[in-house]
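Each chain, written out:
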Amino acid sequence: MGQGFVNEGTLQTTWANWTVVWGALGILAVAVGTGLTLVGDVLAGARDVAPITGVTDRRRWLYGLALWRLALPLALAGALSSGAYLVLATGIETGGTYLVPSPWFALAATATTVVAGVLLAAWCAAEIASYGRRWRPGMG
């Protein structure tokens, strides 16, 4: 007697845990797509900054440019989505909390996007610098 309530609660907890896993996979897919789009945008902009880089032979500013155009948007997206995860999950209650937001999960998601953004920015800056070294007047 009363076992049905225990089983139903266990089932709801299992569903809540799978929701977090599927949500993490979805966020990963969106992050990869966003990262690739931003990388493509930064590398397409290499043609615009190559003349400046080629003429002045100064390339350090490219890291700041790549951080601004790539790492900052990814870091902001990671921080805002982690904040939304922490705040929005608190409203899911029906007699008992089925989804308790994990601060460690939010921190890991934010840290992952920041690290990925910085690594992608460093790679893009190196690629733009390489393109700048090869640039000659008349190149497209």
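Here, every reference points to the structure presented above.
Described below are features of the structure shown in this document. Bear in mind that the values here come from a model prediction, so they are computed numbers and not experimental data.

**Looking at the nonpolar core**
Val42, Leu62, Leu70, Ala121, Cys124 and Ile128 are the most contacted members of the largest nonpolar core, which has 18 residues in total. Contributions of two or more residues to this core are made by helix H1 (3–44), helix H2 (46–56), helix H3 (61–88) and helix H4 (103–134). The leading source of residues in this core is H4, at 6 residues. Aside from chain neighbours lying at most four places away, what touches Ala121 is Ala66, Leu67, Leu70 and Ala71.

**Quick word on the packing of H2 against H3**
Across the interface, H2 lies against H3 with an axial gap of 12 Å and an inter-helix angle of 160°. It follows from the interaxial angle that H2 and H3 lie roughly antiparallel. Where H2 crosses over H3, the handedness of that crossing is right-handed. Residues Val49, Ile52 and Thr53 of H2 touch H3, and the partners they reach there are Trp61, Leu62 and Leu65.

Rules of the game
- Residues numbered from 1 in each chain as written.
- Predicted model: local features only at pLDDT ≥ 70, side-chain atom pairs only at ≥ 80, totals over all residues.
- Heavy atoms only, no water.
- Core = buried A, V, L, I, M, F, W, Y, C linked by side-chain atoms within 4.5 Å.
- Buried < 20%, exposed > 50% of the residue type's maximum accessible area, 1.4 Å probe, protein only.
- Helix = DSSP H or I, 4+ residues; strand = E, 2+ residues; numbered from the N terminus.
- Contact = heavy atoms within 4.5 Å.
- Axes fitted to C-alpha atoms, helices over the stretch in contact; angles between N-to-C directions.
- Parallel < 35°, antiparallel > 145°, perpendicular 65-115°, else oblique.
- Left-handed = near helix turned anticlockwise from the far one by under 90°.

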